[in-house]
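# Secondary and tertiary structure notes
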Amino acid sequence: MICKEFYIMDDQIRLHAKLEKKNEMEKCPLAIVIHGFTGHMEEDHIIAACHAMHKAGLATLRVEMYGHGGSGGNFMDHTLFKWISNAHAATDYAKSLDFVTDLYLCGHSQGGLLTILVAGMRPDDFKAIIPLSPATIILDGAKSGNLLGTPFDPNHIPDVLKSKDLELSGHYIRAAQYLHIEDGIKRYHGPVLIVHGAADQTVPVQYAYDAAALYDNCELAIIEGDSHCFDYHVDQMAEAIYAFVSK
């Protein structure tokens, strides 16, 4: 396996990236793989997803978003608008690689929400998408006035949203209020695989059922007894990905 570690630039922000490919010269599909809120590219479920892609013959491009992992920006200042811009930069980079035959997009949690949104913005670029535990609950929470378990007035957004362990800029809420998951879903008509743990306490599994029902062409893999990050059956998550991309 060939592994290259580098940075992709999005305006003035450096995005930490890793490209993994079986053969230097061979043409193949590539999957962009994105972590979730507070996450990074070296988490077990992210690596397992990549290994499933490699097994199916895909290269992978793991990218850390604004304020996360080895990328630039402060966590507190990140928003979905900034992540969308980052994802566009990663996609443009992937499209510039001469070995790439098809592009896939895969993201976990907030990265899964990002996957849905970005696929709707540029549906012609992705052969298929794979949201893992997509955190569509974020958009609901921003609109209803509860994020990170912290209530707030959605009509009078605080400058800083504080929870026990984290702080977010009010701009995070403002961005999320203006995004609608239905807009992303209705514009993407390619194959979709949503993988979700039945015992997810962070994003209840009903959100996965609701999103899947809105797609034209969606498979839903529910992992019984598993958590938001697939802590108990990550092998089943990986197998669902392998089966989907192998078709």
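Since this is a predicted model, take the numbers as computed values, not measurements. (Residues numbered from 1 in each chain as written. Predicted model: local features only at pLDDT ≥ 70, side-chain atom pairs only at ≥ 80, totals over all residues. Heavy atoms only, no water.)

What follows concerns the overall build of the protein chain. Across its full length, the protein chain holds eight helices and twelve strands. Taken over C-alpha atoms, the radius of gyration comes to 17 Å for the protein chain, in line with the 18 Å a tight globule of 247 residues would show. Projected onto its principal axes, the C-alpha coordinates of the protein chain cover approximately 55 × 40 × 35 Å. Taken across its 247 residues, the protein chain has 56% of its residues classed as buried. Pairs at least 24 apart in sequence give 68% of the contacts found in the protein chain among residues at least 6 apart. (Helix = DSSP H or I, 4+ residues; strand = E, 2+ residues; numbered from the N terminus. Rg over C-alpha atoms; globule rule 2.2 N^0.38 Å. Buried < 20%, exposed > 50% of the residue type's maximum accessible area, 1.4 Å probe, protein only. Contact = heavy atoms within 4.5 Å.)

What the eight strands build is an open sheet, ordered β1-β2-β4-β3-β5-β6-β11-β12; its pairing is mixed. Where the open sheet ends on each side, the last strands, each with one partner, are β1 (2-10) and β12 (218-223). The sheet shows a mean angle of 20 degrees between the axes of neighbouring strands, direction not considered. With four bridges connecting them, strand β2 (residues 13-21) and strand β4 (residues 59-63) associate as antiparallel partners. The residue bridging Glu20 from the neighbouring strand is Thr60, located in β4. Across the sheet, helix α2 (residues 80-95) touches β1, β2, β3 (28-34), β4 and β5 (100-108), and the angle it forms with β1 is around 130 degrees. On the sheet, helix α8 (residues 234-245) packs against β5, β6 (128-132), β11 (192-197) and β12 and is oriented at approximately 170 degrees with respect to β6. (Pairing = 2+ DSSP bridges. Axes fitted to C-alpha atoms, helices over the stretch in contact; angles between N-to-C directions.)

Right, let's talk about the side chain of Thr150 for a bit. Relative to the helices and strands, Thr150 is located in strand β8 (residues 150-151). Under the relative-accessibility criterion, Thr150 is labelled buried at 16%. With sequence-adjacent residues up to four places away left out, Thr150 is seen in contact with Gly145, Leu161, Lys162 and Ser163.

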